[in-house]
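One-letter residues, chain by chain:
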Amino acid sequence: METAKKLKLKSSRFFEKEMSSKAQELIEEIKLKDRSHLRLREWYKRNHYEKCLKDLRKQYEKYFTIAKVDGRTFTAEQFVNQFEIPDIPCIITNTTDDWNVEKYWTFEKLYQLYKETSFKIGEDDKGKKLRLPFKYFLEYLVYNKDDSPLYLFERYTNQQSSHNMIGRYKQHKYFQDDFLSLVGEKHRPPYRWVLVGPKRSGTTVHIDPLMTSAWNTSLQGHKLWVLFPPDIPKSIVKAKGLAAKKEIDFEVLDESIDYFLYALPKLIEKEGADNLKIVMCVQGPGDTIFVPGGWWHAVLNLDNSVALTQNFMSINNFDKIWRQRDIERPKFSQRLMETFKEKRSDLYERALKLDEIDKNEFRVLKDANPLSSDDSSGSSSSSSSSSSSSSSSSDDDD
């Protein structure tokens, strides 16, 4: 009841002692599919809901070193020169003044607009999307006591007129360019999402696909972020094995809240914050965070939250995305090259030059490390198999 009041919800369904039997039934069915390694009682066995996340925030305050600028006065040119070109994360405040947040993006308004609409809140072991009507998800958000709750993470496009969300926010002036849009909504990889996260939900440490940069705008609630630059190895940022077994078994459960509660403190203790080049912050309503491509990051919702996020390709991150696209999405890579040739000759020429540079560098490396014919044959076979596997898995959305 306290949560419903705080979120300014009005429906009586949010002021009961517990969620409805229908919501409970649907949620339990999704839980068993989303994390099939967990039994239902294991979702709340560590009683994280009793922990004070304000204390967690205070614990990390000394690492809140991210640069902050005011979106009301900070220009797009300043952003490009100070943050995008040098690949430095930042928070831009006051970025939703003209978004009609109270009209479209409060929990009550989302309930009124989308209560019968089903959104993705998980995936099964085969990658099938698990969906739930928003009215039941909002019940879950209000009543749940899970350690790491389900997270509404819905991809949306210009073709999803039923959601009608595209016209309810304005593109930030800092992120106008997006060359991936040239291929059209139907063919580009997933890039834009609406997020509704219960307190304690989040995303564990990762790099965004294709080395794309991203912006994330908070409309409701606060998020705790940690970021590491690209030169910090995956084996370190993942912090596997650092937490004591009595705290959590990271090989079994890898959730955002466990990363912040257990792994990150041990990682900082072992490696040192300066050596990790760690950047942390709390993002609040109206704040937009810029995450440069290749930066590791993890996010924890400190309270119930609503956010929008989008990945993009601009002239300033073009080179690293182009060099990554053939590894992650070879079919899309071919389509993108054809699109550049047809619509943007300047980008087509730039892509050709990058490919030529990479080929020359490969020849130099090959000449410096010659393989025997037997080794070369084996390597080629292995590479072909790996490439085929990557292609089949990474191009599902093309």
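To start, this report covers the structure provided alongside it. (Residues numbered from 1 in each chain as written. Predicted model: local features only at pLDDT ≥ 70, side-chain atom pairs only at ≥ 80, totals over all residues. Heavy atoms only, no water.)

Here we look at the layout of surface pockets
And then number 1: Put simply, the second largest pocket is a space of about 690 Å³.
And then number 2: Put simply, the parts of the chain that give the lining of the second largest pocket at least two residues each are helix H1 (2-6), helix H6 (107-114) and helix H7 (134-143).
And then number 3: With four residues, the single largest contributor to the lining of the second largest pocket is H6.
And then number 4: Looking at the lining of the second largest pocket, its residues break down into six nonpolar, seven polar and eleven charged. (1 Å grid on protein atoms, 1.4 Å probe; cavity = no way out; pocket = protein on both sides within 12 Å on 5 of 7 lines; lining within 4 Å. Points joined across faces, edges and corners; volume = space filled by probe spheres on them. Helix = DSSP H or I, 4+ residues; strand = E, 2+ residues; numbered from the N terminus. Nonpolar A, V, L, I, M, F, W, Y, C, P; charged D, E, K, R; others polar.)

Topic: unusual backbone geometry
And then number 1: Look at Arg200: it is not a glycine, yet its phi comes out positive at around 85°.
And then number 2: Within the secondary structure, Arg200 is located in the loop between strand S6 (192-197) and strand S7 (202-206).
And then number 3: Residue classification places Arg200 among the buried residues on the basis of a relative accessible area of 6%.
And then number 4: Although it is not a glycine, Leu210 sits at a positive phi angle of roughly 60°.
And then number 5: Mapped onto the elements, Leu210 comes out in the loop between S7 and strand S8 (213-220).
And then number 6: Residue class for Leu210 comes out buried when judged on its relative accessible area of 4%. (Buried < 20%, exposed > 50% of the residue type's maximum accessible area, 1.4 Å probe, protein only.)

Notes on the side chain of Asn304
And then number 1: Checked against the element boundaries, Asn304 lands in the loop between strand S12 (296-301) and strand S13 (305-312).
And then number 2: At 3.0 Å, the side chain of Asn304 and the backbone nitrogen of Lys199 are in polar contact.
And then number 3: Setting aside its immediate chain neighbours within four residues, Asn304 contacts Thr3, Leu7, Phe107, Leu141, Gly197, Pro198, Lys199, Gln220 and Gly221. (Polar contact = N/O pair within 3.5 Å; in protein donor to acceptor, adjacent residues only side chain to side chain. Contact = heavy atoms within 4.5 Å.)

What to know about the pairing of S12
And then number 1: For S12, a buried count of six out of six residues is recorded, marking the element as mostly surrounded by other parts of the structure.
And then number 2: Alternating positions in S12 separate into two faces, Trp296, Ala298 and Leu300 on one and His297, Val299 and Asn301 on the other, with burial throughout.
And then number 3: Strand direction decides the pairing type here: S7 and S12, joined by three bridges, are antiparallel. Directly across from Gly202, in S12, lies its bridge partner Leu300.
And then number 4: In the sheet, strand S9 (residues 223-228) pairs with S12 via six bridges, with the strands oriented antiparallel. Pairing of Leu224 across the sheet is with Leu300, part of S12. (Pairing = 2+ DSSP bridges.)

As for the pattern of salt bridges
And then number 1: For the coordinates displayed, the defined rule picks out 21 salt bridges.
And then number 2: Ionic pairing is found between Glu42 and Lys45, a salt bridge with its closest N-O pair at 4.0 Å.
And then number 3: Overall, Glu42 belongs to the buried group, its relative accessible area being 16%.
And then number 4: Given the relative accessible area of 49%, Lys45 is considered partly exposed.
And then number 5: Of the charged contacts, one joins Asp355 and Arg325 as a salt bridge, the two residues approaching to 3.7 Å between their closest N and O atoms. (Salt bridge = Lys/Arg side-chain N within 4 Å of Asp/Glu carboxyl O.)

What to know about the sheet that holds strand S2 (residues 90-93)
And then number 1: With mixed pairing, seven strands are arranged side by side in an open sheet as S1-S2-S11-S8-S13-S6-S5. One side of each edge strand has no neighbouring strand; the edge strands of this open sheet are strand S1 (67-70) and strand S5 (152-155). The sheet shows a mean angle of 20° between the axes of neighbouring strands, taken without regard to direction.
And then number 2: Bridging between S1 and S2 involves four bridges; their strand directions are parallel. Residue pairing across strands places Ala67 opposite Cys90, the latter belonging to S2.
And then number 3: Across the sheet, H7 is in contact with S5 and S6; its angle to S6 comes to roughly 45°. (Axes fitted to C-alpha atoms, helices over the stretch in contact; angles between N-to-C directions.)

Observations concerning the packing of helix H11 (residues 318-328) against helix H12 (residues 330-343)
And then number 1: At a minimum axis distance of 6 Å, the contact between H11 and H12 shows a crossing angle of 135°. By the angle between their directions, the pair H11 and H12 is classed as oblique. Mapping the contact onto sequence places Phe318, Trp322, Arg325, Asp326, Ile327 and Glu328 in H11 and Pro330, Ser333, Leu336, Met337 and Phe340 in H12.
And then number 2: By residue class, the composition of the contact of H11 with H12 is seven nonpolar, one polar and three charged. (Parallel < 35°, antiparallel > 145°, perpendicular 65-115°, else oblique.)

Considering the environment of Phe79
And then number 1: If you trace the backbone, Phe79 turns up in helix H4 (residues 76-84).
And then number 2: Sequence-wise, Phe79 and Val69 are ten residues apart; in three dimensions their C-alpha atoms are separated by 9.1 Å.
And then number 3: Excluding residues that lie within four positions of it along the chain, Phe79 makes contacts with Phe74, Glu84, Cys90, Ile92, Tyr174, Phe175 and Phe290.

Regarding the environment of Asp258
And then number 1: Along the chain, Asp258 turns up in helix H9 (residues 256-271).
And then number 2: Residue Asp258 is classed as buried on the basis of its relative accessible area, which comes to 0%.
And then number 3: Between the C-alpha atoms of Asp258 and Ser148, which are 110 residues apart in sequence, the distance is 8.4 Å.

Overview of the packing of aromatic side chains
And then number 1: Using the criterion set out here, one finds 24 aromatic pairs in the structure.
And then number 2: With 5.4 Å between their ring centres and 50° between their planes, Phe175 and Phe312 make a pair best called tilted. Here Phe312 lies in strand S13 and Phe175 lies in the loop between S5 and S6, a separation of 137 residues in the sequence. Phe312 shares its class with Phe175; the two are buried.
And then number 3: Here Trp322 and Phe340 contribute two aromatic rings whose centre-to-centre distance is 5.9 Å and whose plane-to-plane angle is 40°, an arrangement assigned as tilted. Within this pair, whereas Trp322 is found in helix H11, its partner Phe340 is found in helix H12, the two being separated by 18 residues in sequence. The pair Trp322 / Phe340 is uniform in exposure class, with both members buried.
And then number 4: Ring pairing ties together the aromatic residues Phe74, Phe79, Phe83, Trp99, Tyr169, Tyr174, Phe175, Trp215, Phe290 and Phe312, which thus form one cluster.
And then number 5: Sitting over the face of the ring of Tyr191, Arg188 holds its NZ or CZ atom 3.4 Å from the ring centroid.
And then number 6: Its guanidinium or amino end placed over the ring of Trp322, Arg325 lies 3.7 Å from that ring's centre, counting from NZ or CZ. (Phe/Tyr/Trp six-rings, centres within 6.5 Å; stacked < 30°, edge-to-face > 60°. Lys NZ or Arg CZ within 6 Å of the ring centre and 35° of its normal.)

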